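Residues per chain, in single letters:
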Amino acid sequence: MASAISDDGMVYLLLGERAAVCLYADTPHRYGFLDFPYAVPEDADALLKAVLSALIGLRVECPLPSERVWEAEALLRHGFQVGRTQRRMVRDDLNAVAASILPAGTKRIDPSPDELEALHNLVFTGHSKPAGWRTDPDHLPPLGLNLGGQLAGYALSAHHGGLFWLSELAVHPDFRRQGLGRALTRLTLAQLRGAGASQVHLYVNDDHGQHAPRLYEGAGFKTHRLTLRYVKEN
Ligand SMILES: CC(C)(COP(=O)(O)OP(=O)(O)OC[C@H]1O[C@@H](n2cnc3c(N)ncnc32)[C@H](O)[C@@H]1OP(=O)(O)O)[C@@H](O)C(=O)NCCC(=O)NCCS
């Protein structure tokens, strides 16, 4: 089995002449990722054996849309378990985005990397999501809202893989239900429209509850598909 590295940094394992599976290893975060974009069912067991031996010592995740059945069966055969459910949402027609009125007392700020990381760690406890906004050239400048002299919420967005993304949004627990999430969503849509977007995509974890999906539905996003994340401590 041969491998090839593509422009996006993914490793494609090639079986015969087919690009059969792609994977990614983030060793410092002990995180691995795989997908089967071009595989066929007969290849599944050989591919998974090869992938798992290339990703030893990592937590390996494979996101699969709920309709991809044979891939899911293969993952379960190889010891994966069903983890989080993610909702992919899309907002069209950005010309209709309402102007953002900031909640009383809040101020737009450019958050510093340190305060942004502190709020990220407070809100997303236990999720080792790498803070790609620091180094990733695809990210747009972070948007922050100050309330009570501190960073009360932020939003991160990116232009990646030809699509525009709202990649992360968080409000400090002390400042929720005051409209900051809604304001940050609108500010992000306006920011992305200014960067050339006509459509915006996002993923949201359903196991964080329905607050965020409701927030995004209220901002005009529609659910595009549900994705199950299969996980194996390898
Ligand atoms: C989701 C989150 C950003 C909402 O921020 P917020 O500032 O409290 O949201 P807003 O006050 O602007 O509320 C806007 C809408 O979101 C929904 N919503 C937000 N919090 C809610 C709650 N606790 N219960 C029910 N609905 C809620 C409602 O539809 C609300 O509209 P309404 O007030 O007219 O009912 C915040 O709870 C948060 O940071 N959660 C953890 C991180 C997260 O899940 N981020 C999103 C995925 S990256």
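See the structure shown above.
What counts as what
- Residues numbered from 1 in each chain as written.
- Predicted model: local features only at pLDDT ≥ 70, side-chain atom pairs only at ≥ 80, totals over all residues.
- Heavy atoms only, no water.
- Phe/Tyr/Trp six-rings, centres within 6.5 Å; stacked < 30°, edge-to-face > 60°.
- Buried < 20%, exposed > 50% of the residue type's maximum accessible area, 1.4 Å probe, protein only.
- Helix = DSSP H or I, 4+ residues; strand = E, 2+ residues; numbered from the N terminus.
- Polar contact = N/O pair within 3.5 Å; in protein donor to acceptor, adjacent residues only side chain to side chain.
- Contact = heavy atoms within 4.5 Å.
- Pairing = 2+ DSSP bridges.
- Right-handed = clockwise from strand over helix to strand, strands pointing away.
- Near = heavy atom within 4 Å.
- Areas by Shrake-Rupley, 256 points an atom, 1.4 Å probe, with all protein chains shown as cover.
- Nonpolar A, V, L, I, M, F, W, Y, C, P; charged D, E, K, R; others polar.
- Salt bridge = Lys/Arg side-chain N within 4 Å of Asp/Glu carboxyl O.
- Expected span 1.5 Å × (residues − 1).
- Axes fitted to C-alpha atoms, helices over the stretch in contact; angles between N-to-C directions.
- Parallel < 35°, antiparallel > 145°, perpendicular 65-115°, else oblique.
- Left-handed = near helix turned anticlockwise from the far one by under 90°.

Enquirer: An account of the packing of aromatic side chains is needed here, citing residue identities and associated values.
Expert: Under the defined criterion, the tally for this structure stands at two aromatic pairs. When the centroid spacing of 5.7 Å and the interplanar angle of 65° are considered together, the rings of Tyr-216 and Phe-221 count as edge-to-face. A relative accessible area of 6% means that Tyr-216 is categorised as buried.

Enquirer: Can you break down the side chain of Arg-87 residue by residue, with the values?
Expert: As for its placement among the helices and strands, Arg-87 is situated in strand β6 (residues 81-91). At a separation of 2.9 Å, a polar atom in the side chain of Arg-87 contacts the side chain of Asp-206. Excluding anything up to four places from it in sequence, Arg-87 contacts Leu-202, Tyr-203, Val-204, Asp-206, Gln-210, Pro-213, Thr-223, Arg-225 and Leu-226.

Enquirer: So what's going on with the pairing of strand β4 (residues 31-35)? Which residues, and what values?
Expert: The side chains of a regular strand alternate between both faces of the sheet. Counting buried residues along β4, four of its five residues qualify, which places the element largely inside the surrounding structure. Strand direction decides the pairing type here: β4 and strand β5 (residues 59-65), joined by three bridges, are parallel. The partner of Gly-32 across the bridge, within β5, is Val-60. For the crossover from β4 across helix α1 (residues 44-54) to β5, the handedness is right-handed.

Enquirer: So, the site of the ligand: which residues are in play, and what are the values?
Expert: Near the ligand lie 17 residues; those nearest to it are Leu-169, Val-171, Arg-177, Gly-181 and Arg-182. Contact between the ligand and Gln-178: an oxygen atom at 3.3 Å from a main-chain N or O atom of the residue. The fraction of the free accessible surface of the ligand (910 Å²) that becomes covered by protein chains is 77%. Elements supplying a minimum of two residues to the shell around the ligand: β10 (163-171), α4 (180-194) and α5 (211-218). Top contributing element to the shell around the ligand by residue count: α5, with five residues. Its residues placed into classes, the shell around the ligand shows nine nonpolar, four polar and four charged.

Enquirer: How would you explain unusual backbone geometry if you had to name every residue and give the values?
Expert: A positive phi is found at Asp-93, a non-glycine position, where the angle reads about 55°. Topologically, Asp-93 is positioned in the loop between β6 and β7 (107-109). Even without being glycine, Arg-177 reaches a positive phi, approximately 60°. Considering the arrangement of structural elements, one finds Arg-177 in the loop between β10 and α4. Its relative accessible area of 86% is what places Arg-177 among the exposed residues.

Enquirer: Break down the pattern of salt bridges for me, citing the residues and quoting the values.
Expert: Under the definition given, this model contains 10 salt bridges. Across the salt bridge formed by Glu-61 and Arg-229, the nearest N and O atoms sit 2.5 Å from each other. In this pair, Glu-61 sits in strand β5 while Arg-229 sits in strand β12 (residues 222-233), placing the two residues 168 residues apart along the sequence. Given the relative accessible area of 4%, Glu-61 is considered buried. Residue classification places Arg-229 among the buried positions, given a relative accessible area of 9%. Linked by salt bridges that have partners in common, Arg-59, Glu-61, Arg-84, Arg-229 and Glu-233 make up one network.

Enquirer: Can you explain α4? Please cite residues and give values.
Expert: Compared with an ideal rise of 1.5 Å per residue, which puts 15 residues at 21 Å, α4 spans 21 Å between its outermost C-alpha atoms and is within 8% of the ideal. All buried positions along α4 are accounted for by Leu-180, Gly-181, Ala-183, Leu-184, Thr-185, Leu-187, Thr-188, Leu-189, Gln-191 and Leu-192.

Enquirer: Account for the packing of α1 against helix α2 (residues 69-77), naming residues and giving values.
Expert: Two quantities define a packed helix pair, namely the angle between the axes and the distance from one axis to the other. Between α1 and α2, whose axes approach to 10 Å, the crossing angle comes to 50°. With respect to their mutual orientation, α1 and α2 come out oblique. With respect to the hand of their crossing, α1 and α2 are arranged in right-handed fashion. The segment α1 lies against α2, with Ala-44, Asp-45 and Leu-48 engaging Trp-70, Ala-74, Leu-75 and Arg-77. Among the residues making up the contact of α1 with α2, the classes are represented as five nonpolar, no polar and two charged.

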